Amino acid sequence: MLSLILSLVNYKTIILMKILFLAANPPGTTKLKLDEELKKIDDSLQLSKLRDQFQLVSKWAVDSDALRRALLREDPDIVHFSGHGEGQAGLVLVGQKGEPKPATAEALSELFKLFPKVKCVLLNACYAEVQAKAIVKHIDYVIGMRQEVRDDAAIAFATGFYDGLYHGKPIDVAFQFGRSAINFELANSFPKGRKATPVDHEGAKEKFEPLADHLIPVLLRKETSCLENPGDSPAPTTIQIGSLPEQLRTDQNTGRVESINQYRDRVKKFLADRDLTPIEEYQLATLAKVGGLSEKEANIILQEELDRIEQAKESYRQILTETLQKGYYPFNETIQKQLKDLKDNLELTDGESEQISRIVFDLLRLEQTVEENLVDDLSSERGIDYTKLQNLLSQGRWAEADKETMQVLLSVVNRSQQGWLRLEDCVRFPCLDLCTINQLWVKYSAGRFSFAIQKQAWETVSRSAESKHIIRDFCRACGSAQIRKGAVGWWSGDKILCIEQIYERFSCIGTPGTSSKEFRGLPKGLLPAPAHWNWLETGRQASCLSAFFARLEDCKL
């Protein structure tokens, strides 16, 4: 059955991991190089062959509301906070009036408890140990700094960590890459000058100066909710929590880590067929004894590998589900190979991938049946009838639906006669009507067209574009381009199509009998067409757009 299923899908890009970068540097606090840190993280992503499998989203000047909403909207796998920390007082966010406002460990713990999908939280801030201990009760991995950390150390760690992550390394290994980057960047074992000096080979080991403790980040895991002390029993994995830098500096502990790695590799080998025989159990027990591992430590490693298999199954299920939900159907031979590579990378068996595929397809068929029986919510705060827009969208008559959208927007604020919206109309546009219009577009375009998608493009452009070019850059981000005053067309390669040509191309897309794969040739967010942004108040289009998309944010869209 899998061969039949895999011959049916054609997906474009699969996002394996979403990273949410949160920055806060309130006025009155020491200026940090947060933009440089984000640039380094993005540079690492662009250099990776796996860049299409990651998504990096950034939010700036984060306050408590923005933090909560970003987690809800983005549903990230990794949360990266960069800013100041004040120990017991908390991580420093931005207050309502722009002032520094700490987020306590208790508040952060309660918040992350609501987001079990998050795999790792990275607190690139000073004195974040208290918050890390609180958050790790609910999150698999938490990385933080014990004491005050220099800006260059924080940036170096982030660069190394994401270098590893973007190249397919697990979080614990990526953590080691981050620590290694700090060593390269900041180690003080040699003088800063270039003068040649004799080398004392006998005394080299004693003269080596390790990095200061406050420059070494700590990695916590949910199973171990506290930092290990140097005298405690070693943790049962290669990421000895907290005290790993000190313990690995002795030959004895280096040998112990090698024993742990050997035991873990043997566990992986025996679990490859998902059947641990009595003979294999005996061999594992013998290997643990020879390597000096306790029964408890050996069992923890075994359970971690079993959990890794279950996590791999869940990742495959989520990716396959997302691929189908986005309308990449039917599949082609390229996608069949990509799904097979995904299965191999996750180290799943053929039987496991077949079982997951059967479950996913059965659930999606059930959800589709239920959705088809649901009646669209056409609610309006101003008594607007959205039946015509619903019918046009359901029939795939995109050009007419686009024009109807413009008309209903004007009707909602009683501006049909004037034919354009004022700034105050955008600021106070009824949320119920925005939600109705947006959801109709989302549903009938399979999530490809909506105001919410355009809002994401606006947020990206508004952070980087010059003010005089912001409308042009926004249109291009939505797949459109301004061709003359009051007219916008579709930017297609090196050609610009006028709005009438766009509508002509839309005329056969989405109609009954047309495959949803034809949507893939259209830019996401192209509709409702930015061609109609000329119905915003003349001379204040940028301000109106900013207010319009801010209203979407207020309405939680």
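Residues numbered from 1 in each chain as written. Predicted model: local features only at pLDDT ≥ 70, side-chain atom pairs only at ≥ 80, totals over all residues. Heavy atoms only, no water.

A look at helix 16 (residues 398-412)
Phase 1 of the analysis: In a regular helix each residue adds 1.5 Å, so 15 residues correspond to 21 Å; helix 16 covers 21 Å between its end C-alpha atoms and thus fits that length.
Phase 2 of the analysis: Burial runs high along helix 16: 11 of the 15 residues are buried.
Phase 3 of the analysis: Listed as buried for helix 16 are Trp 398, Ala 399, Ala 401, Asp 402, Glu 404, Thr 405, Met 406, Val 408, Leu 409, Leu 410 and Val 412.
Phase 4 of the analysis: Looking one or two residues beyond helix 16, the residue adopting positive phi is Asn 414, at roughly 60°. (Helix = DSSP H or I, 4+ residues; strand = E, 2+ residues; numbered from the N terminus. Expected span 1.5 Å × (residues − 1). Buried < 20%, exposed > 50% of the residue type's maximum accessible area, 1.4 Å probe, protein only.)

Structural notes on the sheet that holds strand 2 (residues 54-59)
Phase 1 of the analysis: Spatially, six strands are ordered 2-1-3-6-7-8 in an open sheet, and the strand pairing comes out mixed. Each edge of the open sheet is held by one strand with a lone partner, namely strand 2 and strand 8 (218-221). With direction set aside, neighbouring strand axes in the sheet form an average angle of 15°.
Phase 2 of the analysis: Where strand 7 (residues 141-144) and strand 8 come together, four bridges link them in antiparallel fashion. Across the sheet, the residue bridging to Gly 144 is Val 218, located in strand 8. (Pairing = 2+ DSSP bridges. Axes fitted to C-alpha atoms, helices over the stretch in contact; angles between N-to-C directions.)

Some remarks on the packing of helix 3 (residues 64-74) against helix 4 (residues 105-112)
Phase 1 of the analysis: At a closest axis distance of 11 Å, the pairing of helix 3 and helix 4 adopts a crossing angle of 20°. Judged by the angle between their axes, helix 3 and helix 4 are roughly parallel. Viewed along their axes, helix 3 and helix 4 form a crossing whose handedness is right-handed. Contacts between helix 3 and helix 4 involve Leu 67, Arg 68 and Leu 71 from the former and Leu 108, Leu 111 and Phe 112 from the latter.
Phase 2 of the analysis: Considered class by class, the residues forming the contact of helix 3 with helix 4 number five nonpolar, no polar and one charged. (Parallel < 35°, antiparallel > 145°, perpendicular 65-115°, else oblique. Left-handed = near helix turned anticlockwise from the far one by under 90°. Contact = heavy atoms within 4.5 Å. Nonpolar A, V, L, I, M, F, W, Y, C, P; charged D, E, K, R; others polar.)

Some remarks on the state of the cysteines
Phase 1 of the analysis: Tallying each qualifying case throughout the model produces one disulfide.
Phase 2 of the analysis: With no disulfide of its own, Cys 435 lies closest to Cys 555 among cysteine sulfurs, the gap being 8.4 Å.
Phase 3 of the analysis: For Cys 435, a relative accessible area of 30% translates into the label partly exposed. (Disulfide = S-S within 2.5 Å.)

Some remarks on the environment of Gln 395
Phase 1 of the analysis: One can find Gln 395 in the loop between helix 15 (387-394) and helix 16.
Phase 2 of the analysis: For the pair Gln 395 and Tyr 444, spaced 49 residues apart in sequence, the C-alpha separation works out to 8.7 Å.

Considering the pairing of strand 4 (residues 91-94)
Phase 1 of the analysis: Residues Leu 91 and Leu 93 of strand 4 are buried on one face, and the alternating residues Val 92 and Val 94, pointing to the opposite face, are buried as well.
Phase 2 of the analysis: Examined bridge by bridge, strand 4 and strand 5 (residues 100-103) share four bridges and lie antiparallel to one another. Counted as the bridge partner of Val 94 is Pro 100 from strand 5.
Phase 3 of the analysis: The antiparallel hairpin formed by strand 4 and strand 5 contains five residues in its connecting segment, where Gly 98 sits at a positive phi of about 90°.

Examining the pairing of strand 6 (residues 120-124)
Consecutive side chains along a regular strand alternate between the two faces of the sheet.
Phase 1 of the analysis: Of all five residues making up strand 6, five are buried, and the element is well covered by its neighbours.
Phase 2 of the analysis: Burial along strand 6 is two-sided: the face carrying Cys 120, Leu 122 and Asn 124 and the face carrying Val 121 and Leu 123 are both buried.
Phase 3 of the analysis: By the bridge criterion, five bridges tie strand 3 (residues 78-83) to strand 6 in an arrangement that is parallel. Its bridge partner being in strand 6, Ile 78 is matched across the sheet by Cys 120.
Phase 4 of the analysis: As paired elements, strand 6 and strand 7 share three bridges and run parallel to each other. Bridge pairing links Leu 122 to Ile 143 in strand 7.

Examining the pattern of salt bridges
Phase 1 of the analysis: In the structure shown here, the tally under the stated rule is 30 salt bridges.
Phase 2 of the analysis: The partner of Lys 222 in a salt bridge is Asp 140, with the nearest N and O atoms 3.4 Å apart. Placement of Lys 222 in the loop between strand 8 and helix 9 (244-247) and of Asp 140 in the loop between helix 5 (129-135) and strand 7 is noted, with a sequence separation of 82 residues between them.
Phase 3 of the analysis: For Lys 455, the salt bridge is made with Glu 553, and the minimal N-O distance between the two is 3.3 Å. Of the two residues, Lys 455 is situated in helix 19 (residues 451-464) and Glu 553 in helix 22 (residues 541-554); the sequence distance between them amounts to 98 residues.
Phase 4 of the analysis: Since its relative accessible area comes to 2%, Lys 455 is described here as buried.
Phase 5 of the analysis: By sharing partners, the salt bridges in this structure join Lys 18, Lys 59, Arg 73, Glu 74, Lys 455, Glu 459 and Glu 553 into a single network. (Salt bridge = Lys/Arg side-chain N within 4 Å of Asp/Glu carboxyl O.)

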